[in-house]
Amino acid sequence: MPYDLGAQVPLGTTVKDGAGALANAGGMALTITLPDASTVTVSSVLPSSTGVYAYDYPTVQPGRHSVRWVATGINAGAYTDVFDVREATPPLLFSLASAKAQLDITTTEYDEELREYIAATTQAVEFFVGAVVRRSVTQPVRGGSDRVVLDTTPVLAVTSMTALGTWQESVPVDVLNVADAESGVLRRTDGLVFTQCEYHVEYVAGRTAVRPNIALAGKMILQHLWRTQYGAARGMVGGGDDFSVTEPIPGLGYSIPNRALQLLQGDRLPGGIA
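Criteria and thresholds
- Residues numbered from 1 in each chain as written.
- Predicted model: local features only at pLDDT ≥ 70, side-chain atom pairs only at ≥ 80, totals over all residues.
- Heavy atoms only, no water.
- Helix = DSSP H or I, 4+ residues; strand = E, 2+ residues; numbered from the N terminus.
- Buried < 20%, exposed > 50% of the residue type's maximum accessible area, 1.4 Å probe, protein only.
- Contact = heavy atoms within 4.5 Å.
- Areas by Shrake-Rupley, 256 points an atom, 1.4 Å probe, with all protein chains shown as cover.
- Pairing = 2+ DSSP bridges.
- Arc of directions from axis to C-beta.
- Axes fitted to C-alpha atoms, helices over the stretch in contact; angles between N-to-C directions.
- Core = buried A, V, L, I, M, F, W, Y, C linked by side-chain atoms within 4.5 Å.
- Polar contact = N/O pair within 3.5 Å; in protein donor to acceptor, adjacent residues only side chain to side chain.
- Phe/Tyr/Trp six-rings, centres within 6.5 Å; stacked < 30°, edge-to-face > 60°.

Asks: Would you mind showing me how to read the overall build of the chain here?
Replies: Counting its regular elements, the chain contains 4 helices and 13 strands. A buried classification covers 37% of the 274 residues belonging to the chain. Relative to all contacts within the chain whose residues are 6 or more apart in sequence, the contacts with residues 24 or more apart total 68%. A total accessible area of about 14,200 Å² is found for the chain, and carbon and sulfur atoms account for 52% of it.

Okay, here's the thing in structure tokens:
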């Protein structure tokens, strides 16, 4: 289960003796490796009760973290684990409240689990229609002509184009134009070409509004995934047909129901993926 950036992650491990009973170690150290490969080390963690060690870590970076507990002295041993931290503004197609309404869930029991499903559903929808949720993107590109292609579409705005070579000049934003947001083709309008070298383009991709068909397709995918993972007992509605996952879409396994795919047809990008 991912944690929100800034939240405290409850970490823990246990130590047992040769007979399998909880017992204290001679010493316990904890090392947390952050996504940027830096580490946080707690050289001495005291047991909260016999054989039980705990530490609350306040998160400061999004991404995958690894955890390493090392017990030394008597009852020596080691334990390794991982946890993930969401970015500060993760791309989410719809709210937790909307997801619970679609699934007829009125309790808070599954809230954290549902947030993971919403994130996965968002990625599934954007596979077909490109970026729906607004996000800032930094992309390396190579010059050599009067145009380059931006990968994450639709493109809403280009904010900068910075040259990586010390001998290059950055390109002013006012001479850049994205004529077709869905193709992502970025052109110069001053009659010049991009120098044959590397640039970093910073731009905003996504949509200013989520069309009803896209939102509804996402909710159907969420409902479909919730049903296949846990059965109909968790407040599911709907019948069989494509919820029975008997006819997978080529290349997608059993994750996308046909009714959702049909809703997305009018907004699919050329080639079908973002």
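Asks: Just checking my understanding: could you explain the pairing of strand E12 (residues 185-188) for this structure?
Replies: Regular strands have side chains that alternate between both faces of the sheet. The pairing of strand E9 (residues 147-149) with E12 spans 3 bridges and is classified as antiparallel. What sits directly across from Val-149, in E12, is Val-185. The pairing of strand E11 (residues 176-178) with E12 spans 3 bridges and is classified as antiparallel. Opposite Leu-176, over in E12, you have Arg-188 as the bridge partner. Counted along the chain from E11 to the antiparallel partner E12, the turn is 6 residues long, and its residue Gly-184 has a positive phi close to 75°.

Asks: How do you make sense of helix H1 (residues 96-103) when you look at a structure like this?
Replies: Because the α-helix completes a turn every 3.6 residues, residues three or four places apart line up on one side. Here H1 has its buried residues at Ala-99, Lys-100, Gln-102 and Leu-103. One face of H1 carries all of its buried residues, which in axial projection span an arc of 160°. For H1, the exposed residues set more than 90 degrees away from the buried face come down to Ala-97 and Ala-101. At the exit of H1 stands Asp-104, carrying a positive phi of roughly 55°.

Asks: Please explain the sheet that holds strand E5 (residues 52-58) as it appears in this structure.
Replies: What holds strands together in a sheet is hydrogen bonding between their backbones, with the strands either parallel or antiparallel. With antiparallel pairing, 3 strands are arranged side by side in an open sheet as E1-E5-E4. Strand pairing shows two members of the sheet lacking a second neighbour, strand E1 (8-14) and strand E4 (47-49), which therefore form its edges. Strand-to-strand twist of the sheet, defined as the mean angle between neighbouring strand axes without regard to direction, takes the value 40°. Bridge count between E4 and E5: 2 bridges; the pairing is antiparallel.

Asks: Help me understand the nonpolar core in this model?
Replies: The tendency in soluble globular proteins is for nonpolar side chains to be buried as a group. Counting 25 residues, the largest nonpolar core has Val-125, Val-129, Ile-214, Ile-221, Trp-226 and Leu-264 as the members making the most contacts within it. Of all the secondary structure elements, the ones that give two or more residues to this core are H1, helix H2 (111-129), helix H3 (212-230) and helix H4 (258-264). If we skip the residues at most four places from it in the chain, Ile-221 touches Thr-121, Ala-124, Val-125, Ser-255, Ile-256, Pro-257 and Ala-260. The next biggest cluster of nonpolar side chains, apart from the first, holds 18 residues, and it includes Leu-150, Met-161, Val-171 and Leu-186.

Asks: What's the story with the side chain of Arg-86 in this structure? I'm lost.
Replies: Here Arg-86 shows up in the loop between strand E7 (77-85) and H1. A polar contact of 3.3 Å, which involves the side chain of Arg-86, links it to the backbone oxygen of Pro-2.

Asks: I'm lost on the packing of aromatic side chains in this one. Help?
Replies: Pairs of aromatic rings are described using the distance from one ring centre to the other and the angle between the two planes. Scanning the entire structure with this criterion turns up 6 aromatic pairs. Summarising the aromatic geometry, the rings of Tyr-3 and Phe-83 are spaced 6.2 Å apart at their centres and angled 90° between planes, so their arrangement reads as edge-to-face. Of this pair, Tyr-3 sits in the segment before E1 while Phe-83 sits in strand E7, and the two are 80 residues apart along the sequence. In this structure Phe-83 comes out as buried when scored by relative accessible area, which is 6%. On the basis of an interplanar angle of 55° and a centroid distance of 6.3 Å, the ring pair of Tyr-57 and Phe-83 is categorised as tilted. Separated by 26 residues along the polypeptide, Tyr-57 in strand E5 and Phe-83 in strand E7 bring together distant segments of the chain.

Asks: Would you take a moment to explain unusual backbone geometry for this structure?
Replies: Working note: non-glycine residues mostly have negative phi, and peptide bonds are mostly trans. Between Thr-153 and Pro-154 the backbone carries a cis peptide bond, its omega angle lying at 0°. In this fold, Pro-154 is placed in the loop between E9 and strand E10 (155-163). Within the chain, Ala-37 stands out as a residue other than glycine whose phi angle is a positive 75°. Of the residues examined, Ala-37 reaches a relative accessible area of 59% and is grouped as exposed. Its identity is not glycine, yet Asn-75 carries a phi of approximately 55°, on the positive side.

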